[in-house]
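Observations on chain architecture
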Amino acid sequence: MVKDIFNHSLKALLKQRSYVIINIIGLSAGIASSLIICLVILHELSYDRFHEKGDRIFRIILDGKISGQEILAASTASPIGPATKAEFPEVEEFLRINGWGETIIRYEDQIFTEDKFIEADSSFFKVFTIPLLRGNPKNALNEKRTLTISESTAKKIFADSDPIDKLVYVSTDPNPYRITGVFEDIPENSHFQANMIGSFMTNQRANDTQWTSNSFSTYLLLKEGSDPKSVDEKLIPLLAKNVGPELKKFLGITIEEFINQGNRYSLFLQPLGDIHLNPGIQQELKAASDPKYLWIFGSIAVLVIIIASINFMNLSTAQASKRAKEIGIKKVVGSSRGALTWQFISETIMLSFLSLLVALIITSIALPYFSSLLDTHLTLDLTAEWYYIPFLIFLAIFIGLAAGSYPAFYMSSFNPYMVLKGRIKAGKSSRYLRSGLVVLQFSISIILIAGTLIMFRQIRYMSNKDLGFNKENVIVIKRADAIGGKIAEFKNSIKSIPGVVSVSASTAVPGHSNNNNGYMIKGRTDESFLMQTNWVDYDYLDVYGIKLESGRFFSKEHGTDHLACIINQEAVKDFSLTKPFETRVITNYGPDETQELSSVIGIVKDFHFESLKAEIVPHIMLLKSEDTHWGYFSVRLAANASQNTLDEIEEVWQSYTANSPLQFFFMDKDVEQMYKSERQNAWLAIIFTILAILIASLGLYGLTSFTVQQRTREIGIRKTFGASVGRIWFLIAREIIILLTVSLAISAPFIYLAADNWLNNYHYRIQINPFDFVSGFAVALCIALATISYRAIKAANVNPAVSLRYE
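Residues numbered from 1 in each chain as written. Predicted model: local features only at pLDDT ≥ 70, side-chain atom pairs only at ≥ 80, totals over all residues. Heavy atoms only, no water.

1. Remarks on the packing of helix 14 (residues 487-495) against helix 17 (residues 643-656)
Contact pair helix 14 / helix 17: the axes reach a minimum separation of 10 Å and the direction vectors enclose 155°. Overall, the two elements helix 14 and helix 17 adopt an arrangement that is roughly antiparallel. Between helix 14 and helix 17 the crossing geometry is right-handed. Two secondary-structure elements touch here, helix 14 through E489, F490, S493 and I494 and helix 17 through I649, V652, W653 and Y656. Each residue belonging to the contact of helix 14 with helix 17 can be placed in one class, and the counts come to 6 nonpolar, 1 polar and 1 charged. (Axes fitted to C-alpha atoms, helices over the stretch in contact; angles between N-to-C directions. Helix = DSSP H or I, 4+ residues; strand = E, 2+ residues; numbered from the N terminus. Parallel < 35°, antiparallel > 145°, perpendicular 65-115°, else oblique. Left-handed = near helix turned anticlockwise from the far one by under 90°. Contact = heavy atoms within 4.5 Å. Nonpolar A, V, L, I, M, F, W, Y, C, P; charged D, E, K, R; others polar.)

2. Re the nonpolar core
Grouped together as the largest cluster of nonpolar side chains are 107 residues, with contacts concentrated most on F370, Y540, Y544, I546, F554, M621 and M667. Non-local contacts of F370, meaning those with residues more than four positions away in its chain, are made with I36, L378, L684, I687 and F688. By size, the runner-up hydrophobic cluster in this structure holds 32 residues, among which are L62, I71, A77 and F88. (Core = buried A, V, L, I, M, F, W, Y, C linked by side-chain atoms within 4.5 Å. Buried < 20%, exposed > 50% of the residue type's maximum accessible area, 1.4 Å probe, protein only.)

3. Concerning the pattern of salt bridges
Scanning all chains against the criterion turns up 26 salt bridges. Between D63 and R264 there is a salt bridge, with the nearest N and O atoms lying 3.1 Å from each other. Residue D63 is located in strand 1 (residues 57-66), and its partner R264 is located in strand 12 (residues 264-271); the two are separated by 201 residues in the primary sequence. Between K126 and E92 there is a salt bridge whose closest N-O contact spans 3.7 Å. Residue K126 is located in helix 4 (residues 124-127), and its partner E92 is located in strand 4 (residues 91-107); the two are separated by 34 residues in the primary sequence. Since its relative accessible area comes to 36%, K126 is described here as partly exposed. What makes E92 partly exposed here is its relative accessible area of 23%. What emerges from the salt-bridge pattern is a single network uniting R56, K85, E92, E93 and K126. (Salt bridge = Lys/Arg side-chain N within 4 Å of Asp/Glu carboxyl O.)

4. As for unusual backbone geometry
Glycine aside, a negative phi is what most residues show, and trans is what most peptide bonds show. We note that E108 has phi near 55°; this positive angle belongs to a residue other than glycine. Although it is not a glycine, N473 adopts a positive phi angle of roughly 60°.

Encoded structure:
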């Protein structure tokens, strides 16, 4: 029985080549799209799953609130890790990590830049499952200036020679680092990356006892069977015991008074597996992914499969009249309705499996492109997990059953007497069902089109919004500390280069903040105020074009400006400074005779120091002292500056740094990088939206073919009575226009809810307007009319005599 059904199904498919090809194109495109999306989602969900002790690893998160500003960051104080191990019996080991970013490495006559350099405690290889291929994991990082490197880095620097005990120079440290180990390259799906791991003991704050200076990521490895909730509960008393005296020292208030002011200062544990999909945490070692995008693309995968299945249904019903005689004859010779139903369903399942094979080929070909688009490495390895192949088999069968059931029951219900007479009439119920399927298809298409357009509108808004500073023609030089105490001389040398307009040295630049400090205000010492802090020189405003709202900026003509500060409008508003120029900010708390006070001399207009996802917060600028060497140089170039200008800047840099490589970035490009993930996701959305529309168009073409077949005689009669081609085209198109209008009405609330939810990720965002709905409808309408026009016009041009003899 099964064999007979299979043979009949195969023979039937071989007779319908064009029908089979079109269906395979639609289904395989839908399955391939869904497979690629699933691979992206699985890749995101796989982060940090390779660690053998992953369920026992937790990261300590700082959860605070100062002056109304929320702080949620992976930054903790140096002594927290050692204290938890000493006082909490549940803690087996602690680990501190300090990310360096780009670092200059020297080995003999080689000089190169390493952008994945971190410092870590000697417990690193005990906590994380990163195999050490050479060296002893127990003591590889337990001494100052010891260094472990990745396998690929070892090959790059030392080729085939043994790197153990070799000496390299790191950054500006005059003392060499000794290589003590080679570790296996860290997998890409890790929430941190490192090619070089230096000993945390080298850090001058490794043994720091200050609890209010939060700069490092701290991890805890709990003992087996330990309850993380009990550790969470103990963190608060531990913090209160150690932070309280420091608050009293620096702010002059107790921790109880601090909390009573509406502030918060606490810690909690974050499971390792939750790190990568929690973008709300600041100070990450590697940018986290927003789980909303997983839901968005997961939904797209399901919707594309639905569209492909509907497309199959419409093509199958359009094909029904061509198979009517076959069905009638089989029924006359004794085939039951059940047998015919299973034959049609088995045809669909066979098509589904063929489409799956084609989809796997398409996916394999397309993956390198998507890997490049997303800056990741996606692979299609069906043996990676035991459930991959069973899932694909289930998917093919499910699609076959879901897409083939209605056409199978519909075609097997034909009356043999009527079909052999050539009189197939579609009932109202089947017509309504087909129309409903088209409405569903295009509702999904309009949602995808409108959603994609809204994503691109938000990205364009972020790219074009006035940031409050001029990002064009500015290069930012990193590692200002490499210049040492010759900052003024270096600036003058750079200024003398043709094409350079101005130069500034600062500890932070837009997009690269480094300090959020608490301050007090004279006369309001019962309150604390959190501000982004930037130590700048006299030229900072000129380089960035930041506008003064009132007052003045730092000037060499005023010798007391080292006791002054500049704040932004947001600080004036947030702190309710009614007389800002009479305000004195306490920058270092102590007894009255030792307090450092900074008078407000200027107020700058608000500018975006961070991504538009974050709101503008209070900002303070202090005058950079001559002995503050770290930070950046910002160089404003003339609009007509050439490559020669950059070459000369590099020459000057190397003359001051003993031929150290110049590391710099263009500010405008750096701002664009803030929204790189949004652009990547938007391009993903548009690719899959186009595919979904194309698949829907195939189904619409099938429905139009069915409609034309059903109305062939009517078209002939109308032409006989003088109807024009345009009139007949409108007769067929009118139904589609009505269905699309219904689709718009159905999709509109979904578009609004989904888009508004996504836009809430951004503090500065566009507003949803009627254009977003109309544009989605207009695009879908144009595609739909273009799809049906060929079939409708072809039918309208048929000789009426032929049409009247059709039935």
